[in-house]
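Examination of the molecular architecture
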Amino acid sequence: QVQLVESGGGLVQPGGSLRLSCAASGSIFSIDFMGWYRQAPGKQRELVAGIRNSGNTDYAEFVKGRFTISRDGAKNTVFLQMNSLKPEDTAVYYCNAVIRAFNSSPMRNYWGQGTQVTVSS
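Here is a short report on the structure shown in this document. Note that the coordinates shown come from a computational prediction; the quantities given were computed from them, not determined experimentally. (Residues numbered from 1 in each chain as written. Predicted model: local features only at pLDDT ≥ 70, side-chain atom pairs only at ≥ 80, totals over all residues. Heavy atoms only, no water.)

Further remarks concern unusual backbone geometry. Here Asn76, not a glycine, exhibits a phi torsion of approximately 50°, which is positive. The topology assignment puts Asn76 in the loop between strand 7 (67–72) and strand 8 (77–82). We note that Ser84 has phi near 50°; this positive angle belongs to a residue other than glycine. Mapped onto the secondary structure, Ser84 falls in the loop between strand 8 and strand 9 (91–100). Look at Ser84 and you get partly exposed, because its relative accessible area is 40%. (Helix = DSSP H or I, 4+ residues; strand = E, 2+ residues; numbered from the N terminus. Buried < 20%, exposed > 50% of the residue type's maximum accessible area, 1.4 Å probe, protein only.)

Right under this line is the structure:
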């Protein structure tokens, strides 16, 4: 069983910063991808940023230059540093990971429970 546990959400003023963390635990043979999605009320879930096992990163256009994704491979943890936050960044942020639990098992997609980020004065 694999679990993703997120932390770091909260309330911040416009222009402020937050750092999200997501730790994967359980039966993990390899991790192909870890990333962050977000979902605002009434909107579809969308990719914010992701990082592959190779180290390659992807960012949504609306966060480029403001958010940075990084990882600690030894701890199976991914971080999202969010700077210059805007009210439109308000959403529930979900950690996502593509993980192979055992050497012979297929890659599977896992989700965290979500953490609320609210940007408001």
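With that settled, consider the sheet that holds strand 3 (residues 18–26). Within the open sheet, the 4 strands sit side by side as 1-3-8-7. Their pairing is antiparallel. Edge positions in the open sheet fall to strand 1 (2–7) and strand 7, since each of these has one partner strand only. Between one strand axis and the next, the sheet turns through 15° on average, direction left out of account. Pairing analysis gives 6 bridges linking strand 3 to strand 8, with the strands arranged antiparallel. (Pairing = 2+ DSSP bridges. Axes fitted to C-alpha atoms, helices over the stretch in contact; angles between N-to-C directions.)

This paragraph deals with the state of the cysteines. Structurally, a disulfide amounts to a covalent bond that connects the sulfur atoms of two cysteines. If you walk through the whole model with that rule in mind, you get 1 disulfide. Here Cys22 is linked by a disulfide to Cys95, with a sulfur-sulfur distance of 2.0 Å. Sign of the S-S torsion, about -80° for the bond between Cys22 and Cys95, identifies this disulfide as left-handed. Of the two residues, Cys22 sits in strand 3 while Cys95 sits in strand 9, which places them 73 residues apart along the sequence. On the accessibility criterion, Cys95 (0% relative accessible area) is buried. (Disulfide = S-S within 2.5 Å.)

Moving on, we get to the pattern of salt bridges. Per the counting criterion, the structure on display carries 5 salt bridges. For the salt bridge of Glu61 with Lys64, the shortest nitrogen-to-oxygen distance reads 2.8 Å. Lys64 sits in the partly exposed class, given a relative accessible area of 45%. Residue Asp89 pairs with Arg66 through a salt bridge whose shortest N-O separation is 2.7 Å. You can see Asp89 sitting in the loop between strand 8 and strand 9 and its partner Arg66 sitting in the loop between strand 6 (57–59) and strand 7, a full 23 residues away along the chain. Both residues of the pair, Asp89 and Arg66, belong to the buried class. Through salt bridges with shared partners, a single network forms among Arg38, Glu46, Arg66 and Asp89. (Salt bridge = Lys/Arg side-chain N within 4 Å of Asp/Glu carboxyl O.)

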